[in-house]
Amino acid sequence: MNSLRQKTLSLKELKQQARRLRAETATDSAPISHSKSLEMIAHQRGFKDWNTLHASASNRPAFEKLSLGDTVSGRYLGQAFQGEVAAIRTIRLGQLYHVSIQLERAIDVVTFDSFSNFRRRLNCTVDHSGVSPARTSNGEPHMILEL
């Protein structure tokens, strides 16, 4: 399983998991070190080592409703879409997030009849409820995610 699709855990939760693993696998004759248990947790999650997992977990945004690899649907510039979260980054903790969504099918983001602009990837800033603060000329949010 791709590590990005697994449930996102905080560093604290990952370290607790390593402590439990160490306690469960330790025997009197062959105890494992805490660093070894951290490495084992990293490998279980598909990372090269603990440092790589630590860096990945540290860089994750605190957007609890959305994680990398999640399938999402919603509306972008008035067009319905469904896709996978390809990237997410915190802009203002607890308030604004930049999301990048790889679409299952391209959508036409232009409403003008004699012109089209199809997109397979959407990039937008959304708030904690999945709604873009940016608005179109008719007052609708650029993006509305159905969380």
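Above: the structure in question.
Parameters and conventions
Residues numbered from 1 in each chain as written. Predicted model: local features only at pLDDT ≥ 70, side-chain atom pairs only at ≥ 80, totals over all residues. Heavy atoms only, no water. Helix = DSSP H or I, 4+ residues; strand = E, 2+ residues; numbered from the N terminus. Contact = heavy atoms within 4.5 Å. Areas by Shrake-Rupley, 256 points an atom, 1.4 Å probe, with all protein chains shown as cover. Pairing = 2+ DSSP bridges. Axes fitted to C-alpha atoms, helices over the stretch in contact; angles between N-to-C directions. Buried < 20%, exposed > 50% of the residue type's maximum accessible area, 1.4 Å probe, protein only. Lys, Arg positive; Asp, Glu negative; His and termini not counted. Salt bridge = Lys/Arg side-chain N within 4 Å of Asp/Glu carboxyl O. Polar contact = N/O pair within 3.5 Å; in protein donor to acceptor, adjacent residues only side chain to side chain. Expected span 1.5 Å × (residues − 1). Arc of directions from axis to C-beta.

Draft legend 1. Quick peek at the overall build of the protein. Regarding its fold elements, the protein presents 3 helices and 5 strands. Counting from the amino terminus, the protein carries its helices and strands in the arrangement α-α-α-β-β-β-β-β. Sequence-distant contacts in the protein: of pairs separated by 6 or more residues, those separated by 24 or more amount to 42%. Carbon and sulfur atoms provide 48% of the accessible area of the protein, an area that totals close to 9200 Å².

Draft legend 2. Looking closely at the sheet that holds strand β4 (residues 118-127). Strand order in this open sheet of 5 strands is β4-β3-β2-β1-β5, and the pairing throughout is antiparallel. On the outer flanks of this sheet lie β4 and β5 (143-146), each paired with one strand and no other. Between one strand axis and the next, the sheet turns by 40 degrees as a mean value, whatever way the strands run. Pairing analysis gives 4 bridges linking strand β1 (residues 71-76) to β5, with the strands arranged antiparallel. Residue pairing for β5: Arg 75 is matched across the bridge by Ile 144.

Draft legend 3. The side chain of Asp 108, seen in detail. Inspection of the secondary structure assignment puts Asp 108 in strand β3 (residues 96-108). One buried charged side chain, Asp 108, makes no salt bridge at all; its nearest oppositely charged neighbour is Arg 119, positioned 8.4 Å away. There is a polar contact of 3.1 Å between the side chain of Asp 108 and the side chain of Ser 116. Among the polar contacts made by the side chain of Asp 108, one reaches the main-chain amide nitrogen of Asn 117 at a distance of 2.9 Å. Aside from chain neighbours lying at most four places away, what touches Asp 108 is Gln 79, Phe 115, Ser 116, Asn 117 and Phe 118.

Draft legend 4. Local environment of helix α1 (residues 11-25). An ideal rise of 1.5 Å per residue puts 21 Å on 15 residues; α1 measures up with 21 Å between its terminal C-alpha atoms. Among the residues making up α1, those that are buried are Leu 14, Ala 18 and Leu 21. Seen end-on, α1 carries its buried residues on one side only, within an arc spanning 60 degrees. Projecting away from the buried face of α1 at angles above 90 degrees are the exposed residues Lys 12, Ala 23 and Glu 24.

Draft legend 5. Geometry of unusual backbone geometry. With a phi close to 50 degrees, Leu 77 is a non-glycine residue in the positive phi region. With respect to the helices and strands, Leu 77 occurs in the loop between β1 and β2 (79-92).

Draft legend 6. Region of the structure containing the environment of Thr 136. On the secondary structure map, Thr 136 appears in the loop between β4 and β5. According to the relative accessible area criterion, Thr 136 is partly exposed, its value standing at 25%. Along the primary structure Thr 136 and Gly 78 are separated by 58 residues, whereas in three dimensions their C-alpha atoms are 9.3 Å apart. Not counting chain neighbours up to four residues away, the residues in contact with Thr 136 comprise Leu 77 and His 142.

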